[in-house]
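Overview (structure and organization)
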Amino acid sequence: TRSLSITSVEQPMVEKAQGDKVTLPCTFVLSDEDEGPLDIEWVLIPADNQKKEQIIILYAVDRIYNHYYSAMTGRLQFTNPDPRSGDGSLDILNLKATDTGTYQCKVKKAPGVQSQKIQLTVLVKPARTKCSIEGSQEIGKDVTLKCASQEGSPLLSYDWRRASGRQDLPATSMLNKNTGELLLKNASQDYSGVYSCVASNRVGTDECSVELNVTPPINTAGIITGAIIGTLLGLSVLVSIVFCCCKKHREKKYEKEVHHDIREDVPPPKSRSSTARSYIGSNRSSLGSMSPSNMEGYTKTPYSQVPSEDFERPAGQNPTFAPSKVAAPNLSRMGAVPVMIPAQSKDGSIV
């Protein structure tokens, strides 16, 4: 007895890149003896045998059901909108790494039943590949060029080439395709140039580049000498600034001390009244030292006034006073001794 059969070529393994679209084939031929309803279902078989199979899409009773597996909602569809034509192939859109697994197509039409499995592997293309240089870029030194992709499914392979000048790598170079390291031993100026690295796997490639500039060794002795001289000059300038500041501070302090000492040595000014009293007292003391015989020649005019502040004024600035009409006090009544004021003649002798 003849029954339905799956006619698509069996593909035990399919590899696709993340983000791509894949078509899992499942074509079939029905038999006249198959009289039951047609059912087509796609099942995801987990890698863990302890877990159950998960139906992801189903065609039954002339209707499509694609809401069973939430992780692929909106990304699943039959290749042919009418699977009854004998094409039950499945399209998966916008592939993700989590879509990796074993898929099985089952076709049922009683009494016939057929199935076929396909292993799907979703690979990630190399991406965000970065190039770098490790080591001193000096003549005679060993330099290592590094290349690494931050994204990409294994196995990744790396290859280096020169993008400028000579296309061949230096004769002393050593390449590790698995790690992406290119070792350049005993570098010379001829090694200078732009180097390009290509990272690849089974689904894609990515590229980066770096520029190598091999230079003569740096004169470290000259650098050290220059640094020492610069340091000494800086210290000398700093010392000069500190010295000037200290000197200026001492000068200001000395000026303040001298000014303060001068002000302390100056006696306070005397009042005008005290000056007048001092003058009268000095005259009285000088007259009192005279003998009576010496006093006979003096004019017997009593001193009627206390010297005023005119004594302190310069000659020619004393005001002119009118003769006083007030009688002189009687000193004998007051118990005082008359004071005689000496007079001077025109020739300079005392009268």
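What this report covers is the structure whose coordinates are included nearby. Quantities reported herein were computed from a predicted structural model and do not represent experimental measurements.

A word on the overall build of the protein. Secondary structure assignment for the protein yields three helices and 18 strands. Here the contacts in the protein between residues at least 6 apart in sequence split such that 58% fall between residues at least 24 apart. Surface summary for the protein: the accessible area is close to 23,700 Å², and the carbon and sulfur share equals 54%.

Within this structure, the stated rule accounts for three disulfides. Each disulfide pairs two cysteine sulfurs, and for Cys131 the partner residue is Cys208, the sulfurs being separated by 1.8 Å. Since a negative S-S torsion denotes a left-handed disulfide, the Cys131-Cys208 link at about 75° is right-handed. In this pair, Cys131 is assigned in strand S12 (residues 127-134) and Cys208 in strand S18 (residues 204-212), connecting sequence segments 77 residues apart. In this structure, Cys131 and Cys208 share a single accessibility class: buried. Paired by a disulfide, Cys147 and Cys197 hold their sulfur atoms 2.1 Å apart. One disulfide, between Cys147 and Cys197, carries an S-S torsion of -85° and so falls in the left-handed class. One end of the pair, Cys147, is in strand S13 (residues 143-151); the other, Cys197, is in strand S17 (residues 193-201), with 50 residues separating them in the sequence.

Taken in spatial order, the six strands line up as S2-S11-S10-S5-S6-S7 in an open sheet, and their pairing is mixed. Each edge of the open sheet carries a strand with a single partner, namely strand S2 (13-17) and strand S7 (63-65). Taken pair by pair, the neighbouring strands of this sheet meet at an average axis angle of 20°, ignoring direction. Across six bridges, the pairing between strand S5 (residues 38-45) and strand S6 (residues 54-60) is antiparallel. From the neighbouring strand, Glu41 faces S6, where its bridge partner is Leu58.

Before going further, it helps to spend a moment on the sheet that holds strand S16 (residues 181-184). The strand order across the open sheet built from four strands is S12-S13-S16-S15, with neighbouring strands paired in antiparallel fashion. Both outer strands of the open sheet, S12 and strand S15 (173-176), are each paired with one neighbouring strand and no more. The average undirected angle you get between the axes of adjacent strands in this sheet is 10°. The pairing of S13 with S16 spans four bridges and is classified as antiparallel. Note that in S16 the partner of Val143 across the bridge is Leu184.

Let's shift gears to the environment of Gln104. Here Gln104 shows up in strand S10 (residues 101-109). Looking at Gln104, the relative accessible area reads 8%, which means it is buried. A C-alpha to C-alpha distance of 7.3 Å links Gln104 and Ile45, two positions 59 residues apart in sequence. In this view, Gln104 contacts Glu41, Trp42, Val43, Ile45, Glu53, Ser115, Gln116 and Lys117; residues no more than four positions away in its chain are not counted.

Here is what the cut-offs are and how they apply
- Residues numbered from 1 in each chain as written.
- Predicted model: local features only at pLDDT ≥ 70, side-chain atom pairs only at ≥ 80, totals over all residues.
- Heavy atoms only, no water.
- Helix = DSSP H or I, 4+ residues; strand = E, 2+ residues; numbered from the N terminus.
- Contact = heavy atoms within 4.5 Å.
- Areas by Shrake-Rupley, 256 points an atom, 1.4 Å probe, with all protein chains shown as cover.
- Disulfide = S-S within 2.5 Å.
- Buried < 20%, exposed > 50% of the residue type's maximum accessible area, 1.4 Å probe, protein only.
- Pairing = 2+ DSSP bridges.
- Axes fitted to C-alpha atoms, helices over the stretch in contact; angles between N-to-C directions.

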